[in-house]
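Fold and geometry: a report
The chain contents come next:
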Amino acid sequence: MDSIPDSMKEALNKAVEIIKTSKKPMAISHIDADGITAMAIVVFLLERAGHSPTWQNIHQLNSDTIFEVRDLAREHKPDLMIFSDLGTGQIQLIKEYLENEPYIRHIIILDHHLPPKNPSLTKGPFKSNKILEINPSNHDLSGSYDVSGAGVSFLLAYSLSTENADLSELAIVGASGDLQAYYGKGFVGVNEEIIKIGEYSGFIRVDKDLTFFGINTRPLPQLLEYATDPYLPGITGDRDACYKFYNDLSIPLKDDLDRWRIWMDLCQEEKQQIIQALVSHILQFYENPRIASGIVGNIITLPRRPERTEMRSAKEFSTLLNACGRNRRADVGVKICLGDVDALREGITLLQQHRANLASALRRLETDGYDETESMYIVNDPETPDTIIGIIIGMAQGSRIIPVDKPVIGVSTNTSDDGPRVKISGRAKKSLVKRGLNLKEVFSTASTLVNESAEEKVAEAGGHPMAAGAFVHEDYLDEFLELVSVEIRRTVK
Ligand SMILES: [Mn+2]
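Residues numbered from 1 in each chain as written. Predicted model: local features only at pLDDT ≥ 70, side-chain atom pairs only at ≥ 80, totals over all residues. Heavy atoms only, no water.

Counting secondary structure elements, the chain contains 18 helices and 13 strands. Taking the principal axes of the C-alpha coordinates as reference, the chain spans close to 70 × 65 × 40 Å. Relative to its 493 residues, the chain shows a buried fraction of 54%. A separation threshold of at least 6 residues defines the contact pool for the chain, and within that pool the share at least 24 residues apart is 69%. Put simply, the chain shows about 22600 Å² of open surface, and 48% of that area lies on carbon and sulfur atoms. One way to put it: in the chain the 54 positive side-chain charges average out to a point 4 Å from where the 70 negative ones average out. (Helix = DSSP H or I, 4+ residues; strand = E, 2+ residues; numbered from the N terminus. Buried < 20%, exposed > 50% of the residue type's maximum accessible area, 1.4 Å probe, protein only. Contact = heavy atoms within 4.5 Å. Areas by Shrake-Rupley, 256 points an atom, 1.4 Å probe, with all protein chains shown as cover. Lys, Arg positive; Asp, Glu negative; His and termini not counted. Charge placed at Lys NZ, Arg CZ, Asp CG, Glu CD.)

Here's what the structure looks like:
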């Protein structure tokens, strides 16, 4: 592992020793695809080292949930706790509420998130007798591109035994879920090395192919009907148009056994024909030629996984796991990774619902349109659930249903708790961030101002410059949006 600095190898070796001497480990992880795969890797490595760990995924680790984790620990009394895909930002909480539990001998944190900017905290790795933190950002590596939470967990598994090479599959599924190969550059750094380990041992294959979702699973018509990245105007959402598209190219939709063909059934010539037709279709609607060329890219296949299933490609696998997490069923996702067939069936149902929700929300947006103010676009669709409003507005700008010259703000009143709080999501392109926009700051400022005028907490915000979110009491929604609009105008140069 050439890409791992010695200081990180040292930390990994320490963790190996701890695991070997532990008697009763417990694992805690995040609920997205990276957290789910990180958890599965940790469970595998512990089981293969002779343990039978208890495990629990959590939405986030904060001053509320730390008590749930402590209760769980008090119930099972582990001598080792392993946190994956979270923990770095919550080290103080872990120290305060877990470190002093008498039965706990060690706490290992396998994270890749940056610690919060707080000048009173010294730069990691965190030093404590019980807590061992392993985080690429403590070793001059990037937690955004070099390695994900699942990747750090894999490094531990691989340090424990090179026979854990098969877990490279899950590591790269996690990295795909965290979009570590984003911006079309493919995987780099430690991720690239993990792929090499997987290729060498026959668990991973990288090919140039169509980047659409569903090349291993969807019948050809649905491959286009549900295409959202990019959205295909006149084809996405229109099954007849999809049939016509293939008919015009004389591509048979079924095989000799009358079974629907999928993309992976096509011969090279057929694939080329379709790709060319898609490229010319896309070029009619999108100005940026990179959107057309982006439909072909490096596809990561897991050749040992069953054909025609979501588990066959890293991208589909990670989406399947994300769908589990988004439906608050991260446990189903972990069980899928651990090889549970019933869980796979349940996960696929969750995924199908999720994709159907996305497609119908995009179609409503295309039909009903959106609002525009001087400084932003607003999508207010009472039917779109709060869990997907951020994805929807991101896709809408990605596919240019909504222009990208201003940020887009999504409003969802369809929240799971039916409370008075409305979910606000914001997305902005990098070019706007370069001109001074920081959506997280915009939402935070608007929250502070609206809280001050309400004289109580009616709004809360968080996120990043390009993607941020807020919860706002419905009575203050208009005031909040007005403040957001003003803030955007004030900060974008
Ligand atoms: Mn992660």
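Here the focus is the pairing of strand 12 (residues 459–463). Where strand 12 meets strand 13 (residues 467–473), five bridges bridge the pair, whose relative direction is antiparallel. For Ala459, the partnering residue across the bridge sits in strand 13 and is Val472. Hairpin remark: strand 12 followed by strand 13, antiparallel, with three residues in the connecting loop. (Pairing = 2+ DSSP bridges.)

Let's shift gears to the coordination of the manganese ion. Within the protein, Asp34 (OD), Asp85 (OD), His112 (NE2) and Asp178 (OD) serve as the donor atoms for the manganese ion, at 2.2 to 2.3 Å. Positions of the donor residues of the manganese ion, expressed as sequence spacing, correspond to D-x50-D-x26-H-x65-D. Separated by 51 residues along the polypeptide, Asp34 in helix 2 (residues 33–48) and Asp85 in the loop between strand 3 (80–84) and helix 4 (91–97) bring together distant segments of the chain. Residue Asp34 shares its accessibility class with Asp85, and that shared class is buried. (Donors = N, O, S within 2.8 Å, 3.2 Å for Na, K, Ca; no water.)

Counting 68 residues, the largest nonpolar core has Ile19, Ile41, Ile134, Ile172, Phe317 and Ile336 as its most contacted members. When residues of this core are assigned to their parent elements, the largest contribution, eleven residues, is made by helix 2. If you count residues domain by domain, this core takes at least three from each of domain 1 (6–200) and domain 2 (209–361). Setting aside anything within four residues of it in sequence, one finds Ile172 in contact with Phe187, Asn191, Ile194, Ile195, Ile204, Ile300 and Ala314. (Core = buried A, V, L, I, M, F, W, Y, C linked by side-chain atoms within 4.5 Å. Domains from an automatic or database assignment.)

On to the pairing of strand 13, then. Pairing of strand 11 (residues 421–427) with strand 13 involves seven bridges; the strand directions are antiparallel. Across the sheet, residue Ile424 finds its bridge partner in strand 13, namely Ala470.

Time to look at the environment of Gln284. You can see Gln284 is positioned in helix 10 (residues 268–285). Taking the C-alpha atoms as reference, Gln284 lies 9.5 Å from Pro233; in sequence the two are 51 residues apart.

Before going further, it helps to spend a moment on the side chain of Thr37. Tracing the backbone shows Thr37 in helix 2. Reaching out from Thr37, the side chain makes a polar contact with the backbone oxygen of Asp34 at a distance of 3.1 Å. (Polar contact = N/O pair within 3.5 Å; in protein donor to acceptor, adjacent residues only side chain to side chain.)

Here we take up the packing of aromatic side chains. Inspection of the entire model under this criterion finds six aromatic pairs. Consider the rings of Tyr243 and Trp260, whose centres lie 6.3 Å apart with planes at 45°: the pair is tilted. Highlighted residues: Tyr243 in helix 9 (residues 239–248) and Trp260 in the loop between helix 9 and helix 10, separated in sequence by 17 residues. For the pair Tyr370 and Tyr377, a centre-to-centre distance of 5.6 Å together with 90° between the ring planes defines the contact as edge-to-face. Residue Tyr377 is classed as buried on the basis of its relative accessible area of 3%. Over the face of the ring belonging to Phe203 we find Arg304, whose NZ or CZ atom lies 4.2 Å from the ring centre. The lysine or arginine in question, Lys406, covers the ring of Tyr377, its NZ or CZ lying 5.1 Å from the ring centre. (Phe/Tyr/Trp six-rings, centres within 6.5 Å; stacked < 30°, edge-to-face > 60°. Lys NZ or Arg CZ within 6 Å of the ring centre and 35° of its normal.)

In the Ramachandran plot, Leu179 falls in the positive-phi region, its phi being about 55° despite a non-glycine side chain. Along the chain, the position of Leu179 falls in the loop between helix 6 (168–177) and helix 7 (189–200). Taking relative accessible area as the criterion, Leu179 reaches 48% and is therefore assigned partly exposed. Phi is positive for Asp258, which is not a glycine, with a value near 65°.

Taken together, five strands build an open sheet; the order of strands is 2-1-3-4-5 and the sheet is parallel. Single-partner strands in this sheet number two, and they are strand 2 (54–57) and strand 5 (131–134). Ignoring strand direction, the axes of neighbouring strands in this sheet form an average angle of 15°. Direction of pairing for strand 4 (residues 106–110) relative to strand 5: parallel, over a ladder of four bridges. Each bridged residue has a counterpart across the sheet, and for Leu110 the counterpart in strand 5 is Ile134. Sheet contacts for helix 1 (residues 6–21): strand 3, strand 4 and strand 5; angle to strand 5, the most-contacted strand, approximately 135°. (Axes fitted to C-alpha atoms, helices over the stretch in contact; angles between N-to-C directions.)

The next subject is the packing of helix 12 (residues 314–326) against helix 14 (residues 341–368). Helix packing for two helices is described by the angle between their axes and how far apart those axes are. In the contact formed by helix 12 and helix 14, the axes pass within 8 Å of each other and the chain directions differ by 85°. When the interaxial angle is binned, helix 12 and helix 14 end up roughly perpendicular. Here helix 12 contributes Thr319, Leu320, Ala323, Cys324 and Arg326 to the contact with helix 14, which in turn contributes Leu344, Gly347, Ile348, Leu350, Leu351, His354 and Arg355. Broken down by class, the residue content of the contact of helix 12 with helix 14 amounts to seven nonpolar, three polar and two charged. (Parallel < 35°, antiparallel > 145°, perpendicular 65-115°, else oblique. Nonpolar A, V, L, I, M, F, W, Y, C, P; charged D, E, K, R; others polar.)

This brings us to the domain arrangement of the chain. Looking at the chain, the domain boundaries give domain 1 (6–200), domain 2 (209–361) and domain 3 (369–491). Contacts between domain 1 and domain 2 engage 19 residues on the former and 17 residues on the latter. On the domain 1 side of the interface with domain 2, the three residues burying the most area are Ile36, Glu169 and Val173, jointly 34% of the side's total. Counting across the domain 1 and domain 2 interface gives one salt bridge. Residue Glu169 is joined to Arg305 by a salt bridge in which the shortest nitrogen-to-oxygen separation is 2.9 Å. The interface formed by domain 1 and domain 2 holds two residue pairs in polar contact (both at pLDDT 80 or more) in total. Within the residue set of the side of domain 1 that touches domain 2, elements represented by two or more residues are helix 2, strand 2 and helix 6. For the side of domain 1 that touches domain 2, the leading source of residues is helix 2, giving seven residues. In terms of residue class, the side of domain 1 that touches domain 2 is built from 13 nonpolar, four polar and two charged. (Buried area = accessible area lost by both parts, 1.4 Å probe. Salt bridge = Lys/Arg side-chain N within 4 Å of Asp/Glu carboxyl O.)

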